[in-house]
Every structure is written in C-alpha cells, then in structure tokens.
2 protein chains.
Amino acid sequence: MAGVSRATVSRVINDSPKVSPAVRATVEAAIAQLGYVPNRAARSLVTRRTDSIGLVVSEPEALVFSDPFFAGIVRGVSGALADTSMQLVLVIAQTAGQRKKLEQYVLNGHVDGVLLVSLHGDDPLPAGLAAAGVPAVLVGRPVRDVPLTWVDADNRGGATAAVRHLLGQGRRRIATITGPQDMSAGVDRLDGYRDALPGPDAALIEIGDFSEESGVRAMTALLDREPGLDAVFAASDLMAAGALRALRAAGRGVPDEVAVIGFDDSIIARQTDPALTTVRQPVNELGREVTRRLLEMIGTGDAPAPGLVLPTELVVRGSA
Amino acid sequence: MAGVSRATVSRVINDSPKVSPAVRATVEAAIAQLGYVPNRAARSLVTRRTDSIGLVVSEPEALVFSDPFFAGIVRGVSGALADTSMQLVLVIAQTAGQRKKLEQYVLNGHVDGVLLVSLHGDDPLPAGLAAAGVPAVLVGRPVRDVPLTWVDADNRGGATAAVRHLLGQGRRRIATITGPQDMSAGVDRLDGYRDALPGPDAALIEIGDFSEESGVRAMTALLDREPGLDAVFAASDLMAAGALRALRAAGRGVPDEVAVIGFDDSIIARQTDPALTTVRQPVNELGREVTRRLLEMIGTGDAPAPGLVLPTELVVRGSA
DNA sequence: TTGAAAGCGCTACCAT
DNA sequence: ATGGTAGCGCTTTCAA
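Here's a quick rundown of the structure. Not measured: the values here are computed from a predicted model.

The full set close to DNA strand D counts 26 residues, and R6 and Y36 of chain A together with T8, R11 and V23 of chain B are the nearest of them. Looking at DNA strand D alone, sugar and phosphate atoms form 60% of those within 4 Å of the protein. Within the backbone of N39 of chain A, an N or O atom sits 2.9 Å from a phosphate oxygen of DNA strand D. Side-chain polar atom of T8 of chain B to a phosphate oxygen of DNA strand D: 2.6 Å apart, as the coordinates give it. For the surface near DNA strand D, the secondary structure elements donating two or more residues are α1 (6-13) and α3 (40-47) of chain A together with α1 (6-13) and α3 (40-47) of chain B. Of the residues belonging to the surface near DNA strand D, the class tally is 11 nonpolar, 8 polar and 7 charged.

What follows deals with the packing of aromatic side chains. Enumeration according to the criterion identifies 2 aromatic pairs over all chains in this entry. For the cation-ring pair, R189 of chain A lies above F263 of chain A, with the distance from its terminal atom to the ring centre recorded as 3.8 Å.

Contacts between the two partners involve 44 residues from chain B, matched on the other side by 45 residues from chain A. Carbon and sulfur atoms make up 57% of the area that chain B and chain A hide from each other, which totals about 3,700 Å². Sorting the residues of chain B by area buried against chain A places R75, L90 and Q271 of chain B first, and these three jointly supply 16% of that buried surface. Counting across the chain B and chain A interface gives 6 salt bridges. Among the ionic pairs, E212 of chain B bridges to R270 of chain A, the shortest N-O distance being 3.4 Å. One can count 10 residue pairs in polar contact (both at pLDDT 80 or more) joining chain B with chain A. Contributing elements (two or more residues each) for the side of chain B that touches chain A: α3, α4 (63-66), α5 (68-81), β2 (87-93), α6 (96-107), α10 (212-225) and α11 (237-249) of chain B. The element best represented in the side of chain B that touches chain A is β2 of chain B, accounting for 6 residues. Considering only residue class, the side of chain B that touches chain A consists of 20 nonpolar, 14 polar and 10 charged.

So, about α11 of chain B. Residue and element names in this part refer to chain B. Taking 1.5 Å per residue as the helical rise, α11 with its 13 residues ought to reach 18 Å, and the 18 Å between its terminal C-alpha atoms agrees with that figure. Among all positions of α11, only D237, M239, A240, A241, G242, A243, L244, A246 and L247 are buried. In this fold, the buried residues of α11 make contact with β6 (174-178), α10, β8 (231-234), β9 (259-261) and β10 (278-280). Directly after α11, the chain includes G251, whose backbone phi takes a positive value near 80°.

It is possible for side chains of opposite charge to pair when their charged atoms get near one another. Residues and elements named next belong to chain A. For the structure shown, the criterion picks out 40 salt bridges over all chains. With a shortest N-O distance of 3.0 Å, D265 and R317 are connected by a salt bridge. With D265 in the loop between β9 (259-261) and β10 (278-280) and R317 in the segment after β12 (313-315), the pair connects residues that are 52 residues apart, well separated along the chain. On the basis of relative accessible area, R317 is assigned to the partly exposed category, the value being 22%.

The subject of this paragraph is the pairing of strand β8 (residues 231-234) of chain A. All names here are of chain A. Residues A231 and F233 point to one face of β8 and V232 and A234 to the other, with burial holding for every one of them. The sheet contact formed by β8 and β9 spans 3 bridges and is parallel. Residue A231 lies in a different strand from β9, and its bridge partner there is A259. Handedness of the β8-helix α11 (residues 237-249)-β9 crossover: right-handed.

Reading the values: the criteria
Residues numbered from 1 in each chain as written. Chains lettered and ligands numbered in written order. Predicted model: local features only at pLDDT ≥ 70, side-chain atom pairs only at ≥ 80, totals over all residues. Heavy atoms only, no water. Near = heavy atom within 4 Å. Polar contact = N/O pair within 3.5 Å; in protein donor to acceptor, adjacent residues only side chain to side chain. Helix = DSSP H or I, 4+ residues; strand = E, 2+ residues; numbered from the N terminus. Nonpolar A, V, L, I, M, F, W, Y, C, P; charged D, E, K, R; others polar. Phe/Tyr/Trp six-rings, centres within 6.5 Å; stacked < 30°, edge-to-face > 60°. Lys NZ or Arg CZ within 6 Å of the ring centre and 35° of its normal. Contact = heavy atoms within 4.5 Å. Buried area = accessible area lost by both parts, 1.4 Å probe. Salt bridge = Lys/Arg side-chain N within 4 Å of Asp/Glu carboxyl O. Expected span 1.5 Å × (residues − 1). Buried < 20%, exposed > 50% of the residue type's maximum accessible area, 1.4 Å probe, protein only. Pairing = 2+ DSSP bridges. Right-handed = clockwise from strand over helix to strand, strands pointing away.

Spelled out as structure tokens, the structure:
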C-alpha cells in the first residue's frame, strides 16, 4: 500500500534512523489506515525476544493473592509496563509439578525476564535463573546469597521503628510474632525487633506464618508463657489482627494493657478495633522499581546492580 | 539424537496418533535427555495460536487489585489453567490510551481468548470482541446485552437473602447502599433488595461505588435523611465497613439499633467490629468456570453457551 | 536510503 | 508410519 518493501516497513516499525522522512510518513499512514499490527510470533522468532516478562509466584500457599502486598506489586509492575510494548505474564506454580514446568518455561526463553515474588529460602529458582543468564529481579531480599538484583522495603528498619515506638510509650515487656524464618521479610522484621531490644528474651518470640490464624495461635502461646507482656509487634497486619482477637478472648484491653503493632498497612489495618498501628511499605514503588531494573537488564544485558532498600513508615493508629 | 526426522519429533510432541510406540519412546527419551522445549514463537507462527489467554481488566479505578474478589478470580483461573499449556497474560488498562492499545492487542490475535473482568455498562470491548470473533467470556453478567457467554454469582438472590434475614429479625426500616449502577453487580444487588421489600422507599436507597469511603458518605446521608432506619444492606463489605464507621460516629449501636449486612465475605468481614454478616460469592469456582468455558470455546470454536449463575450464601456474623 | 533474500523453529502437507 | 520440505511473518544482513 505504501509502495515500499517489507524491509522498509520493518525499519519504520522499529524506528530505524535510516528511513527518509517522506517514506516514513507514507508507511505510517498506510499502517494507520490498514490497522496493521506486527505479528508478535514472527517477530519473536527472529529477534529471539518475546516482549513479555513473567511475574513468577512460586508459592505453595494460595495466600499470596489475597495479600494486599501482592496486589500493590502487580499494580506497580503493570504501571511501569504501561508505556512499553511489554506484556505481563502471570506465572503461578503451587504444586511441585507446576514448579517444574515453570522452571522449564522460564529457562527456555519464553519470557525476556522474570520478576520473582514471595521467595522462600530453599527455592532453587533464583540460582537457576542466574546460572542460565535469564534476566531476573527479586521482589524482596533473598535469604541466601544469589547473584541477582533485588528491591525490598526496609523491613528491619520498619520493625525497629515499631518497637521503639512501643518503648517510647513506656512498654517494657514487648513480644513479637514473626513471619516465616525462611523468608527475608520474616527474618528481617525479627532482626529489627532485636535491634531495638538489647538482649531480648527468647520467651517473647513466637513464630508465625503471616496468616491470621497463626497470629491467634502465637498470641495465645505468648500470653500463656508471658502473662506480664504489655506489647506485641506482629510481622504482618493479618497476624496482628489475629493477636487482637486472641487478646480480646483473653480479656486483655488494647492498647491499655497490651499495645499491638502490625506490618504492611494493608486494608484490614483500618478495620480492626482498635485500628492497627502498623508499618507501611511502599508496595507500588517496589513494583515500579523492580520492573525498571528488569527492563534495564533486558535492554542492556548488564550485570545486576546492588540491592535497593526502600524506606518504610510507621503509621500510628489506635492499637499502639 | 533419536535418529528420526523433525516431522516425527513434531508428531510426538503434538500427540499425533500416527507414530509407532517404539519411535515415540526413543524420541521422548531424547527430548528428556536434551531438555528440549519447543519454541513457542515458531509454533505460534504456523499454528496461528498463541497458547495464552488474556485476563483483561479494563478499569479506570486502581481498586480492582486490592479487591479480594479479583484475587479469588485469578486463583480460580490460574488453577483451571494449571494442567494446560496455556499461559495467563494479565492485560491491564487504566487510561484511555492503554485501553486503545489493549483493544488492538486483543483483536489482533495476540491471545487465543479473553476473560473480561470488572465490566462497566458503557465498555465497547465485549461487543468488539464478539464482532471480531475473538473467543471471550465475561466474569459477571453484562449490563447491556452482548453475544458473549458469562458466569456470575447470584447477586440478586444473595441480596434478597440478606434483606430477608433482616426482615426475619424484625427490622422494618431497611436501607441499602448500592454499588455503581453501570455494573451488573451493582444493579443486581439493588434488584435483590427490591425483591425482598415490596414497595421500597426511594429515601432508603443511596448509591455508592463499592469503596469504603462511599460507604461512609452514603451511611451518613441515610442517617441524615432517615434517622429511624434500623438496618442497612451494603452491596460490598468495604461499603459495609464504611457504614459501620459512620454509624459509630453517629453513636448508633450495631446490631442493636442498626443491623448491617455486607457482600463478598472478603477478608475484612471478619475484622470489623462487630464482624460482618455478609454474602459469600464462590469466587474460585467463578474463575474456574469462566476459564473452562473459554478453553472450550477456543477448542471447539463453538457458539457461546447461555450465561451461568452460581449460588451465593449468607454468612451470619455479629453485625446482623 | 532502499530492496532482495536468507532464515528464525516449527507444523502440516504430500510422498513414500 | 515416516521423511522431505514449503512456508508461517518478520528482521537483518548484504548489495545497490
């Protein structure tokens, strides 16, 4: 229609500098009129790029999706991808079989790069990706050392700020309900708690899994063991909500008798009674930043930059 | 490696019946040993299929992601896709420009089929897809008639059940906070309310947008207009939570003075004080079923089956 | 600055 | 039941 060769059309589409302005205009007009859209598969076949990135959630628990954290990440990622021609492929593996397929899929160049979310310490995927040279960025600091970039919220600092807030209110027996210790978010938030409390008491630490039920269980155990506690820092809002419930069941007043702080500033933090004092993470920025890094890696093929920690912020509400 | 031609390998991979068992075994062994995975782009180029479906969220509000409803859908969809070779592509369009790109993307065969979520009445996309013959299934009944299949929860029945529950408790001035009236979930839940209340009073109806803030606003307006109301049915848990807050601010006791029922049975329903009586939707099944339908349409190219309504269930907690 | 043509890896048709 | 091979739509040399 434009009276030029396929090669020229291709150059126009790919913004090649060596096309005369006149020809470019003609071709663009033809493209517009025909509503022509390049065939992705054909292009992909020759360029060996797929123009898509995978958001990989390799997590046995179905929990992740309901998690506001994940929702924020998706929003950030998709926002950063919006004015790109990149597509977002959601790759989810819950069973062992699916994880195997996932690995093959990702390692075989079906996506140009990978964003890894909700990593557990024993997951072999990051190392595999790094070894295979697949561009990949982690959402959250890896527990074990991996030659991949990552972006994380300042979990440790946020936890410390939370505990200091409790100390500042005169609380002296401050317990904590941790996240899973095979995830950096779990480890770091516990480390932050320890930072603020020199010589912490092991009896004041109970391990949870971020879920509300685990919060109930942990709080119950803590009250049993340490009836004199006057505050608790939970490593997730969900666990804090569970703790609230257990405290109510035990007849303890919040925040008078026991102060409670959560983590995430998720939507439930404002619904509990009293509303949760909590630590906000910049989830959107996190999603944006991991995407930016991944796109850069894909573009330049460059070595991974060092990890980046984004600041967290204490949000004070009624529970502490 | 197997000592056969590419054609035979292709037949093995595509489960062609005309391959001798012996050869098939040899080829499969070679495939396993080489870790060979077919190139998706090349295959796509010749088959004109992409082996991926799009989950299209064409919604100006960022709200959707935080919505537990959406999370459940994603889980259902990805579950139904798990033992398939289909990939899930998340297509999100928030701005007008993105919506335009989305339309082109989808209409140009970049996915084999489309799942549409969170549809507003004025969205031209469903009709466009139907006209273009792109397999598509709607999550939720369309407001305007569209020649596409859909699967929805029984919003109307659920709302009726909720209001009947209130009537059964002796409530007589039952107000409602509706969802947006350009979405079927908003319309149907209002219709269900009307079904249970012969000759409803327009003063008892206030329109919201599913968000918590709109719940606060609507409840405040209702109290202002109808101080004598003794119950309110909100078309979402978020709005119910907002209503709870407004009621507390107004000094009304829940459920004694005013009973409250929400919709969705989302995670916040158990966190509010009192916990929300609400209507549960089978989100997971919804996701599964739309996916099943889409896969069938893609497979057979068949005409759309009639819409399907999945039952909802009243979950009684403290607020009513 | 433009065009001709080779091939990307696969499937599907036609032979055998 | 198997192999040979054309060709899917595009990008990218290489020539002109």
